[in-house]
Amino acid sequence: MDFFDRGLWSRLLYVAPMLLLSGPAHAQGRLDAKYQATLSGIVIGKGNWTIVIGDKDYSGLTSGGTTGLVKAIGGGHGTGSAQGKVLAGRLVPEAYLSSVFYGKKNETIRIAFAGERVTASTIEPEPPPTPDRIPVMDAQRRSVSDPMSGVMFVAPGKDELPSPQGCATGAAIFDGRMRYDLQLAFKALETVTLANGARLSTVVCSVSFKPLAGYVPSRAAIKYLVKRQDMDVALAPIAGTRVMVPVRVRIPTPIGLGMVQATEFNTAAQSQASKRAN
């Protein structure tokens, strides 16, 4: 059974805290966060995410790896980066890089963009052909974002954040292999307590997964995710901006709840002067 496809779940559970964007990004801000991944309450991974939002550009860096029993039986680790421009209040990706190592294997994905259109993408080593995989057409590489920029949601409107407007968006994502949409809908306003005792005000959005191309329709993991109506994400803003990022992601699985949640979430607005000093 292919439910535990390494590539798919690493993208959804790890890269995710490692949809298209609308509304003004505004000002500048920085986030330094740490995350913990659990399955049925058991810690299986930890990671970091740093984001810097400027008035003209933005960047993001992630790193993480498996822990405990998962690491002992053949875990992995990885890093990711994304850069782009802030144009007319929108985050427009320019470059994405992801390197994932598991056991003695590794995979590196590079994607280049121009105006939200993929101009080049590579996977190293090149994966073997899969006859049943739905090909990604050129038109499906336009008006898309990378997996990291895609989950830096820009809330439309002018309401104080977090608010239901944080869920009034969606994502068209190309991850180097698969083209899929994420659709959000308002669920609740919730205060999330982190491991360090900090309490964060968040907006919780239900998440629907819609694969379009680059996937194998017969795979159990794909079928399972498409049917789920109970996945959700809790979002909080990066200070000084209207960019909302995940504090918690919950994905039920057949063997228990899969969750990625921030254990630390440090964010501060940045002035132009402090940005130049950095």
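Residues numbered from 1 in each chain as written. Predicted model: local features only at pLDDT ≥ 70, side-chain atom pairs only at ≥ 80, totals over all residues. Heavy atoms only, no water.

**Q** Mind showing me how you'd approach unusual backbone geometry here?
**A** The general pattern is negative phi for most residues beyond glycine and trans for most peptide bonds. A cis geometry characterises the amide bond from Glu124 onward to Pro125, with omega recorded as -5°. In this fold, Pro125 is placed in the loop between strand 7 (117-124) and strand 8 (153-154). Even without a glycine there, the phi angle at Glu116 is positive, about 65°. The residue Glu116 is located in the loop between strand 6 (105-114) and strand 7 in this model. Classification of Glu116 by relative accessible area gives buried; the value is 12%. A positive phi angle, close to 55°, is found at Ser143, a residue other than glycine. Mapped onto the secondary structure, Ser143 falls in the loop between strand 7 and strand 8. (Helix = DSSP H or I, 4+ residues; strand = E, 2+ residues; numbered from the N terminus. Buried < 20%, exposed > 50% of the residue type's maximum accessible area, 1.4 Å probe, protein only.)

**Q** What is the right way to look at the pairing of strand 2 (residues 42-53) in this model?
**A** Successive side chains on a regular strand alternate, one facing one side of the sheet and the next facing the other. Summarising the sheet, strand 1 (residues 29-39) and strand 2 pair through 11 bridges and their orientation is antiparallel. For Tyr35, the partnering residue across the bridge sits in strand 2 and is Gly47. As consecutive antiparallel partners, strand 1 and strand 2 are separated by two residues, and within that stretch Ser40 has a phi angle of approximately 55°, a positive value. Pairing of strand 2 with strand 3 (residues 57-66), which is carried by nine bridges, proceeds in the antiparallel orientation. Across the sheet, residue Gly45 finds its bridge partner in strand 3, namely Thr66. What sits between the antiparallel neighbours strand 2 and strand 3 is a turn of three residues. (Pairing = 2+ DSSP bridges.)

**Q** What's the story with the state of the cysteines in this structure? I'm lost.
**A** By definition, a disulfide links the sulfur atoms of two cysteine residues through a covalent bond. The full count for this structure, using the stated rule, is one disulfide. For Cys167, the disulfide goes to Cys205, at an S-S distance of 2.0 Å. The disulfide joining Cys167 to Cys205 has a torsion of about -85° about its S-S bond and is therefore left-handed. Taken together, the residues span a long stretch of sequence, with Cys167 in the loop between strand 8 and strand 9 (170-174) and Cys205 in strand 11 (residues 199-213) at a distance of 38 residues. Note on Cys205: relative accessible area 0%, which makes it buried. (Disulfide = S-S within 2.5 Å.)

**Q** I keep staring at the pairing of strand 6 and nothing clicks. Help me out?
**A** Bridge count between strand 5 (residues 90-102) and strand 6: eight bridges; the pairing is antiparallel. Of the residues in strand 6, the one forming a bridge with Val100 is Glu107. Taken together, strand 5 and the strand that follows it, strand 6, pair antiparallel across an intervening segment of two residues, in which Gly103 is found at a positive phi of about 60°. Here strand 6 folds back onto strand 7 in antiparallel fashion, the turn holding two residues, of which Gly115 has a positive phi close to 60°.

**Q** Quick question: what am I supposed to make of the packing of aromatic side chains here?
**A** Ring pairs (aromatic) are described by centroid distance and by the angle formed between their planes. Applying the stated criterion to the full structure yields two aromatic pairs. Their ring planes at 50° and their centres at 6.2 Å tell us that Tyr35 and Trp49 sit as a pair that is tilted. Within this pair, whereas Tyr35 is found in strand 1, its partner Trp49 is found in strand 2, the two being separated by 14 residues in sequence. Of the residues examined, Tyr35 reaches a relative accessible area of 5% and is grouped as buried. (Phe/Tyr/Trp six-rings, centres within 6.5 Å; stacked < 30°, edge-to-face > 60°.)

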